[in-house]
Amino acid sequence: KNCDLGTKRSKCCWFNKKRKEQRNVICACMAPPRNLGRDGFSGSKLTESSKSETLSKEVKNENDSDVLIECRNVYKSFGEKNILQGVSFKIRHGEAVGIIGPSGTGKSTILKIIAGLLAPDKGEVYVRGRKRSGLISDDEISGLRIGLVFQSAALFDSLTVRENVGFLLYEHSSMPDEQISKLVAENLAAVGLKGVEDRLPSELSGGMKKRVALARSIIYDITKESVEPEVLLYDEPTAGLDPIASTVVEDLIRSVHTKGYCFFMRGKLSGKE
Ligand SMILES: Nc1ncnc2c1ncn2[C@@H]1O[C@H](COP(=O)(O)OP(=O)(O)OP(=O)(O)O)[C@@H](O)[C@H]1O
C-alpha cells in the first residue's frame with residue numbers, strides 16, 4: 001500500500017545521503033507523521049487541532065551562523081480560527097525541510113509568513129538573524145531572496161509564459177528585453193520546457209504550469225550580485241499532477257536543491273499527504 005511513498009522516500013534518502021557527503025546537507029522529505037524522525041530527517045507537523053507541534057529531531061548544532069530563516073513562537077488567527085499556535089523552527093543553509101499535516105491546519109499560511117506575504121499576529125520571523133517586521137516590500141531584496149512556488153502555480157493569466165517567467169526582471173532590472181528573453185529560455189530549458197515562451201497559461205497542461213512557476217522562482221538578475229534566490233518555498237508543487245508529471249517536478253526540485261538552494265516544501269509525494 002505504501003509502495004509509492006516508500007519508493008519515493010528511499011530515493012530521497014539516497015539522495016540525501018549523497019548530498020550529506022558532498023555538502024553536509026540535512027534534508028527532510030514527505031512521510032506520514034509516524035515516520036517523522038526516522039532516518040535522521042527533521043520535519044514539522046501541523047496537527048488537526050491546529051496546534052502546531054514541532055516534531056523535528058532538532059539538529060544539534062550550537063552554531064547558528066548557518067541559519068537562514070527562523071520562526072520563533074509564531075501565532076496566526078483568521079477571525080475566530082486559531083491556525084498557528086506557537087510554531088518554532090529553524091531552516092539552515094542547504095537544508096531541505098518538509099511540512100505535512102491535514103487540510104486547513106496552516107501549512108500554506110506558514111509558507112506565506114516565511115515569504116513575507118502574511119504577517120504573524122504574534123511571534124517573530126528572523127531572516128539571517130535579522131527580525132523581519134511586517135510584510136516584505138517590492139524593494140526588499142536585502143538579506144535573503146526567497147522564491148515561492150504557489151500551490152496553484154499562480155501564473156498571470158493574461159501574460160505569456162515569457163512574461164510570467166521574466167516578470168521580476170522586466171519589472172525590477174535594467175536588463176534589456178533580449179537578454180531577459182534569453183535568460184527566460186534558459187530557465188525554461190532547465191525545467192524541461194522549450195518553445196512555449198509565446199503561449200498563454202491557458203494553453204499549458206497542469207504539469208507545464210508548475211514547471212513554468214518553478215522557472216519563475218529560480219530566475220534572477222545575472223547583472224547583480226547576491227540576488228540569486230537561496231530559499232525556495234514550494235506549496236504542494238505536485239498537487240493535481242499524475243505520477244509521471246509529479247516525478248518530473250520532484251526531480252526538478254531535487255536538481256535545483258543540488259545547485260545549492262535551501263528548500264522548504266509542503267505537500268504530497270505521489271498523491272499521499
Ligand atoms: N486569508 C485568509 N482569510 C481567512 N481565512 C484564511 C485565510 N487564509 C487561510 N485561511 C484559513 O486558514 C486555515 C489554514 O489555511 P491554509 O491554507 O494555511 O491550510 P493548509 O494546511 O495549507 O490547507 P490545505 O492542505 O487544504 O491546502 C484554513 O481554515 C483557511 O480557510
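Residue positions are given per chain, counted from 1 along the sequence in the order it is written. Totals for whole chains, interfaces and linings use every residue, but because this is a predicted model, local features are given only for residues with pLDDT of at least 70 and side-chain atom pairs only at 80 or more, for both listing and counting.

An unreviewed UniProt entry annotates the protein as Protein TRIGALACTOSYLDIACYLGLYCEROL 3, chloroplastic-like isoform X2 of Herrania umbratica.

Q: Teacher, can you tell me more about the overall build of the protein here?
A: Looking only at helices and strands, the protein features seven helices and 10 strands. To sort residues by exposure, count the other C-beta atoms lying within 10 Å of each residue's C-beta; 20 or more gives buried, 12 or fewer gives exposed, and values between give partly exposed, all with C-beta atoms placed from the backbone. The 273 residues of the protein split such that 39% are buried. C-beta atoms are first placed from the backbone for all residues, and any pair lying within 7 Å is then listed as a contact. Across the protein, every contact between residues at least 6 apart in sequence was considered, and the portion connecting residues at least 24 apart equals 66%. Secondary structure is summarised from DSSP: a helix means a run of H or I of at least four residues, a strand means a run of E of at least two, and numbering begins at the N terminus for each.

Q: Sorry, what's going on with the packing of helix α6 (residues 206-218) against helix α7 (residues 243-258) here?
A: Each pair of packed helices can be described by the angle between their axes along with the distance between the axes. Only C-alpha atoms enter the line fits that serve as axes; for helices the fit covers just the stretch in contact. Angles between N-to-C directions range over 0 to 180 degrees. Across the interface, α6 lies against α7 with an axial gap of 10 Å and an inter-helix angle of 10 degrees. The angle between α6 and α7 places the two elements in the roughly parallel class. Between α6 and α7, the residues in contact are G207, K210, R211, L214 and I218 and A245, V248, V249, L252 and V256, respectively. Three classes are used: nonpolar for Ala, Val, Leu, Ile, Met, Phe, Trp, Tyr, Cys and Pro, charged for Asp, Glu, Lys and Arg, and polar for all others, with Gly counted as polar. For the contact of α6 with α7, the per-class residue count stands at seven nonpolar, one polar and two charged. Any angle that falls under 35 degrees is termed roughly parallel, while one over 145 is termed roughly antiparallel, one within 65 to 115 roughly perpendicular, and all others oblique.

Q: Teacher, can you tell me more about the sheet that holds strand β7 (residues 130-132) here?
A: Backbone hydrogen bonds are what pair the strands of a sheet, in a parallel or an antiparallel way. Whether two strands pair comes down to DSSP finding at least two bridges between them. An order of β4-β3-β6-β7 is seen for the four strands of this open sheet, with the pairing classed as antiparallel. What marks the edges here is a single partner per strand, and that holds for β4 (81-92) and β7. Averaged over all adjacent pairs, the angle separating strand axes in this sheet is 25 degrees, with direction ignored. Where strand β3 (residues 67-78) meets strand β6 (residues 122-127), five bridges bridge the pair, whose relative direction is antiparallel. Paired with I69 across the bridge in β6 is V127. Contacting β3, β4 and β6, helix α2 (residues 107-115) crosses the sheet at an angle of about 125 degrees to β3.

Q: Quick question: what am I supposed to make of the nonpolar core here?
A: Among soluble globular proteins, nonpolar side chains are generally buried collectively. To form a nonpolar core, buried Ala, Val, Leu, Ile, Met, Phe, Trp, Tyr and Cys residues must be joined through C-beta atoms within 7 Å. Formed by 46 residues in total, the largest nonpolar core has its most connected members in I114, V149, V212 and L233. The contacts of V212, once residues within four sequence positions are left out, are A153, L155, V161, N164, V165, L193 and L204.

Q: Teacher, can you tell me more about the site of the ligand here?
A: By nearness alone, every residue bordering the ligand is listed as F78, K81, I83, G101, S103, G104, T105, G106, K107, S108 and T109. Mapped onto the shell around the ligand, the elements with two or more residues apiece are β4 and α2. Class assignment for the residues of the shell around the ligand results in two nonpolar, seven polar and two charged. Working rule for contacts: place C-beta from the backbone, and if it is within 6 Å of a molecule or strand, that residue counts as near it.

Q: Explain unusual backbone geometry here, please?
A: A positive phi angle, near 55 degrees, is found at N73, a position not held by glycine. Summarising the element assignment, N73 is placed in strand β3.

Q: I tried to follow the pairing of β6 on my own but got confused; where do I start?
A: A regular strand places its side chains on the two faces of the sheet in alternate fashion. Judged from the three bridges that link them, β6 and β7 form a sheet pairing that is antiparallel. Bridged to V127 within β7 is R130. Connecting β6 to the next strand, β7, in antiparallel fashion are two residues, including R128 with a positive phi near 50 degrees.

Q: So what exactly am I meant to see when it comes to α6 here?
A: Given 3.6 residues to a turn, an α-helix orients residues that are three or four positions apart in the same direction. Expected helix span is computed as 1.5 Å times (number of residues minus one). Spanning 13 residues, α6 covers 19 Å between terminal C-alpha atoms, matching the ideal 18 Å at 1.5 Å per step. Counted residue by residue, α6 has 11 buried out of 13 residues, so it is predominantly covered. Turning to α6, its buried residues are G207, M208, K209, K210, R211, V212, A213, L214, A215, R216 and S217. Against the buried residues of α6 lie β8 (146-149), α3 (161-165), α4 (167-172), α5 (177-190), β9 (231-235) and α7.

Q: Even after reading the chapter, I still don't get the pairing of β4, so can you show me in this structure?
A: When β3 meets β4, the two strands line up antiparallel, connected through nine bridges. Bridge pairing links V67 to R92 in β4.

Q: What is the right way to look at the confidence of the model for the protein in this model?
A: Regions with low pLDDT should not have their predicted coordinates read in detail. Scored by pLDDT, the protein has a mean of 70; 65% of the residues are at 70 or more. pLDDT measures the predictor's confidence residue by residue and takes values from 0 up to 100. Averaged over each element, pLDDT in the protein is lowest for helix α1 (residues 3-23) (31) and highest for α3 (94). Contacts for the low-pLDDT stretch residues 1-43, under 50 throughout, to residues beyond four places or in other chains number 60 contacts. Predicted confidence for residues 268-273 stays below pLDDT 50, and this span has 17 contacts to residues more than four positions away or in other chains.

Q: Just to check I follow, could you spell out the environment of V231 for this structure?
A: With respect to the helices and strands, the residue V231 is situated in strand β9. For V231 and I91, which are 140 residues apart along the polypeptide, the C-alpha to C-alpha distance reads 9.3 Å.

Q: Any chance you could explain α5 here in plain terms?
A: The terminal C-alpha atoms of α5 lie 20 Å apart, and with 14 residues this matches the ideal 20 Å at 1.5 Å per residue to within 8%. Residues of α5 that are buried include every one of I180, V184, N187 and L188, and no others. One face of α5 carries all of its buried residues, which in axial projection span an arc of 100 degrees. Turned more than 90 degrees off the buried face of α5, the exposed positions are E178, E186 and A189. The directions from the helix axis to the C-beta atoms are what the arc is built from.

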